[in-house]
Amino acid sequence: MRGWGRCLISGMTDLLYPRRCPVCHGLTPRGRMICPECLGRLPVIEGRRCAKCGKPAAARQVLCDDCVSTRHLFAQGAGVFLYDDVMRETVSCFKYRGRREYGPVLGSLMLQSTRGLIAAWKPDIIMPVPLHPKRLAGRGFNQAELLAEPLARGCGIPLESGILFRRTDTAAQKTLGRQERRRNLEGAFACRDVPLPERILLVDDIYTTGSTVDACAAVLLAKGASRIFFLTLCTGGALPS
Ligand SMILES: [Zn+2]
Ligand SMILES: [Zn+2]
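Residues numbered from 1 in each chain as written. Chains lettered and ligands numbered in written order. Predicted model: local features only at pLDDT ≥ 70, side-chain atom pairs only at ≥ 80, totals over all residues. Heavy atoms only, no water.

## Quick look at helix α9 (residues 211-222)
Rules: In this description a helix means any DSSP run of H or I spanning at least four residues, a strand means any run of E spanning at least two, and both kinds are numbered starting from the N terminus. How far a helix is expected to stretch is found by multiplying one less than its residue total by 1.5 Å. Accessible area is worked out with a 1.4 Å probe on protein chains only. A residue is then buried under 20% of its type maximum, exposed over 50%, and partly exposed in between. Contacts: residue pairs with any heavy atoms within 4.5 Å of one another.
With twelve residues, α9 ought to run about 16 Å at 1.5 Å a step, and its terminal C-alpha atoms sit 17 Å apart, in line with that. Of all the twelve residues making up α9, nine are buried; the element is thus mostly covered by neighbouring parts of the structure. Along its buried surface, α9 packs onto β2 (125-128), β3 (164-166), α8 (178-184), β4 (189-191), β5 (199-207) and β6 (227-235). At the C-terminal side of α9, glycine 224 shows a positive phi close to 115°.

Shown next, in the form of structure tokens:
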């Protein structure tokens, strides 16, 4: 549908379901998913990136310091935004204050800047990093799945959210150091006994040390997948010391 017809429908939809901006949390201008000025405040990662995990990298650095010292199981991945104060607030509202409607907006923003990467990786399926059923019941949704939906739809790749699952409700990773994160996730994920395709794209909200993506990749590789990629909404910075 074109022209006024589409305007009329989107105008009516806006009246029925006013959209809130995932950055300022106010109502967005009609027909927009995010205010234009808030769009400009989003910390898009630009410039040189680590060839493995996509973190910002220094000049002439091929791998970031993390990837020099860690042998990752995933093939390659990237985050879209830096996990700065703006994104911390956005993600916190999305995950912990019930703003489920931010998922499709943030997933669409991810799609805009990762189409090229997805085309290069050619994943057979997209999988959200699963939540433990207890956590899923408490929150009412898996934030990774809401982010993955626009990516899957936009690229015409099947979304598989029932194959990989979480066995243990692990402690929150954010207060843990690098080694503790890996230990915390040992045995946390498992995979249903179904044939897996070769190339799998994992989607999550935040990448910090890669321990979550690696824990998922270990399970998927053991079940027959051969290349695991990841995309996250944000890339986190320094760990707590
Ligand atoms: Zn706004
Ligand atoms: Zn890296």
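## Structural notes on the packing of aromatic side chains
We count it as follows: Stacked, edge-to-face and tilted are the three classes for Phe, Tyr and Trp ring pairs, Trp counted by its six-membered ring, which pair at centre distances within 6.5 Å; planes under 30 degrees apart are stacked, over 60 edge-to-face, the rest tilted. When the NZ atom of lysine or the CZ atom of arginine is within 6 Å of a ring's centre and also within 35 degrees of its normal, the charge is said to sit over that ring.
In the structure shown here, the tally under the stated rule is five aromatic pairs. Aromatic pair phenylalanine 74 and phenylalanine 230: ring centres 5.0 Å apart, planes at 80°, arrangement edge-to-face. In this pair, phenylalanine 74 is assigned in the loop between α3 (65-69) and β1 (76-82) and phenylalanine 230 in strand β6, connecting sequence segments 156 residues apart. In this pair, the class of phenylalanine 74 matches that of phenylalanine 230, namely buried. Taken together, Phe74, Tyr207 and Phe230 form an aromatic cluster joined through their ring pairs. Sitting over the face of the ring of tyrosine 83, arginine 88 holds its NZ or CZ atom 4.8 Å from the ring centroid.

## Quick look at the domain arrangement of the protein chain
Buried accessible area, meaning the area lost when the parts come together, often serves as the stated size of an interface. The condition is simple: The domain boundaries here were taken from an automatic or database domain assignment. Here's the idea: put two parts together, see how much 1.4 Å probe accessible area each one loses, and the total over both is what we call buried area.
The domain architecture assigned to the protein chain consists of domain 1 (1-41) and domain 2 (45-235). One C-alpha centre belongs to domain 1, the other to domain 2; they are set 28 Å apart. The partner domain 2 presents eleven residues to the nine residues of domain 1 that form the contact. Of the roughly 860 Å² buried between domain 1 and domain 2, counting both surfaces, carbon and sulfur atoms make up 70%. Three residues, Pro22, His25 and Met33, lead the burial of domain 1 against domain 2; their summed loss comes to 56% of the area buried on that side.

## Considerations on the pattern of salt bridges
Filter applied, for reference: Take a side-chain nitrogen of Lys or Arg and a carboxyl oxygen of Asp or Glu: if they are within 4 Å of each other, that pair is a salt bridge.
Following the criterion strictly, the structure yields eight salt bridges and no others. As a salt-bridge pair, glutamate 89 and arginine 97 come within 3.6 Å of each other at their nearest N and O atoms. The exposure class of glutamate 89 is partly exposed, given its relative accessible area of 34%. Judged by relative accessible area, which is 48%, arginine 97 ranks as partly exposed. Residues participating in the shared-partner salt-bridge network are Lys134, Arg135 and Asp169.

## Notes on the sheet that holds β6
How we decide: In this description, strands pair whenever DSSP reports at least two bridges between them. Here an axis means a line fitted to C-alpha atoms, over the contact stretch when the element is a helix, while the angle between two N-to-C directions is reported on a 0 to 180 degree scale.
The strand order across the open sheet formed by four strands is β1-β6-β5-β2, and the pairing between neighbours is parallel. Looking at which strands have only one partner, the edges of the open sheet turn out to be β1 and β2. Taken over all neighbouring pairs, the strand axes of this sheet differ in orientation by 20° on average, direction set aside. Where helix α4 (residues 85-96) meets the sheet, its contacts fall on β1, β5 and β6, and the angle it forms with β6 comes to roughly 105°. Its contacts with the sheet place helix α7 (residues 143-155) against β2, β5 and β6, and it is angled at close to 130° to β5.

## What to know about the coordination of the zinc ion (ligand 1)
This is how the line gets drawn: Any nitrogen, oxygen or sulfur atom within 2.8 Å of a metal ion counts as a donor, with the limit raised to 3.2 Å for Na, K and Ca, and since water is left out, coordination shells can look unfinished. Working rule for geometry: tetrahedral if four donors all subtend angles between 85 and 135 degrees; square planar for four, octahedral for six, if opposite donors exceed 155 degrees and the others stay between 65 and 115; irregular in every other situation.
Of the protein atoms, only Cys21 (SG), Cys24 (SG), Cys35 (SG) and Cys38 (SG) coordinate the zinc ion (ligand 1), at distances of 2.3 Å. Coordination geometry of the zinc ion (ligand 1): the four donor atoms subtend angles of 104 to 117° at the metal centre, consistent with an arrangement described as tetrahedral. All donors to the zinc ion (ligand 1) come from one chain, and their sequence spacing reads C-x2-C-x10-C-x2-C. Here the residue cysteine 21 occupies a position in the loop between α1 (3-16) and α2 (36-39), and cysteine 35 occupies one in the loop between α1 and α2, the gap between them amounting to 14 residues. Taken individually, cysteine 21 and cysteine 35 each receive the classification buried, so the pair is uniform in this respect.

## Here's the deal with the coordination of the zinc ion (ligand 2)
The reference angle at a metal is 109.5 degrees if four donors form a tetrahedron and 90 or 180 degrees if six donors form an octahedron. On the protein side, the zinc ion (ligand 2) has Cys50 (SG), Cys53 (SG), Cys64 (SG) and Cys67 (SG) as donor atoms, found 2.3 Å from it. Here the zinc ion (ligand 2) is ringed by four donor atoms whose angles at the metal span 107 to 113°, and the overall shape comes out tetrahedral. Donor residues for the zinc ion (ligand 2) sit on one chain with the sequence pattern C-x2-C-x10-C-x2-C. By the burial criterion, cysteine 50 is buried, and cysteine 53 matches it.

## Side note on the packing of helix α5 (residues 102-121) against α7
Here is the rule: To sort the angles, those under 35 degrees are grouped as roughly parallel, those over 145 as roughly antiparallel, those from 65 to 115 as roughly perpendicular, and the leftovers as oblique. Two helices cross in a left-handed way if the nearer one is turned anticlockwise from the farther one by less than a right angle. They cross in a right-handed way if the turn is clockwise.
At their nearest, the axes of α5 and α7 sit 7 Å apart, and the two run at 45° to each other. Comparing their axes, α7 and α5 come out oblique. Of the two elements, α5 crosses α7, and the hand of that crossing is right-handed. Residue-level inspection shows Gly103, Pro104, Leu106, Gly107, Ser108, Met110, Leu111, Thr114, Arg115 and Ile118 of α5 in contact with α7, the latter providing Leu146, Leu147, Pro150, Leu151, Gly154 and Cys155.

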